[in-house]
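Topology and contacts: notes
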Amino acid sequence: PISATCGERGRFDINIFPNPAKNLVNLGIQLSDNVRGEIAIQLLDATGRLLEQRTIKPNATSLLSWNTESYANGFYSFQVCVEGHDCKVGKFVVHQ
């Protein structure tokens, strides 16, 4: 699996595709009905440097996209946190 869970299980699922990414990577987020707070998404490079951060309002299903054309080939990670504490993390590869 591409994600690991900490916090309360079953509150949301994530899917990142395509993996490896070439020019674009998509992050799909599916929330359970009991999620009410904001969702914070962080995209990091292999050294842990923050590349981008987004905050979105809860919606049953959300799809976010990042342009990866300017990213070097390599490993990247993301972290998705719901209501500030329930988090999932995962990795993806950029291969131009």
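Structure shown above.
A brief structural summary. (Residues numbered from 1 in each chain as written. Predicted model: local features only at pLDDT ≥ 70, side-chain atom pairs only at ≥ 80, totals over all residues. Heavy atoms only, no water.)

Concerning the state of the cysteines
This structure, assessed with the given rule, holds one disulfide. A disulfide bridge connects C81 with C87, and the sulfur atoms are separated by 2.2 Å. Judged by the torsion about the S-S bond (105°), the C81/C87 disulfide is right-handed. As far as the burial class goes, C81 and C87 line up, both buried. (Disulfide = S-S within 2.5 Å. Buried < 20%, exposed > 50% of the residue type's maximum accessible area, 1.4 Å probe, protein only.)

Concerning the nonpolar core
Of all hydrophobic cores here, the largest spans 22 residues; its most connected members are L27, I29, I41 and V80. Excluding residues that lie within four positions of it along the chain, L27 makes contacts with I14, N15, I16, I41, S62, L63, L64, W66, F78 and V80. (Core = buried A, V, L, I, M, F, W, Y, C linked by side-chain atoms within 4.5 Å. Contact = heavy atoms within 4.5 Å.)

Describing the sheet that holds strand β3 (residues 24-31)
One open sheet holds the three strands; their spatial order is β2-β3-β6, and the pairing between them is antiparallel. The open sheet has two edge strands, β2 (12-17) and β6 (61-67), and neither has a second partner. In this sheet, adjacent strand axes meet at a mean angle of 15° when their direction is disregarded. Examined bridge by bridge, β3 and β6 share seven bridges and lie antiparallel to one another. Paired with L24 across the two strands is N67, which belongs to β6. (Pairing = 2+ DSSP bridges. Helix = DSSP H or I, 4+ residues; strand = E, 2+ residues; numbered from the N terminus. Axes fitted to C-alpha atoms, helices over the stretch in contact; angles between N-to-C directions.)

What to know about unusual backbone geometry
Residue P18 follows F17 across a cis peptide bond; omega there is -15°. By the secondary structure assignment, P18 is in the loop between β2 and β3. In this chain, N19 is followed by P20 through a cis amide linkage whose omega measures 15°. Along the chain, the position of P20 falls in the loop between β2 and β3.

A few points about the side chain of D45
Along the chain, the position of D45 falls in the loop between β4 (39-44) and β5 (50-56). In this structure the side chain of D45 is engaged in a polar contact, spanning 2.7 Å, whose partner is the side chain of T47. A polar side-chain atom of D45 sits 2.9 Å from the main-chain amide nitrogen of R49. Once residues lying within four places of it in the same chain are set aside, the contact partners of D45 are L51, F75 and Y76. (Polar contact = N/O pair within 3.5 Å; in protein donor to acceptor, adjacent residues only side chain to side chain.)

Examining the environment of R36
Along the chain, the position of R36 falls in the loop between β3 and β4. On the basis of relative accessible area, R36 is assigned to the exposed category, the value being 63%. C-alpha separation for the pair R36 and K57, spaced 21 residues apart in sequence, amounts to 8.3 Å. If we ignore the near neighbours within four places in the chain, the residues touching R36 are P58 and E83.

Fair warning: the whole summary comes from geometry, so function is off the table for now.
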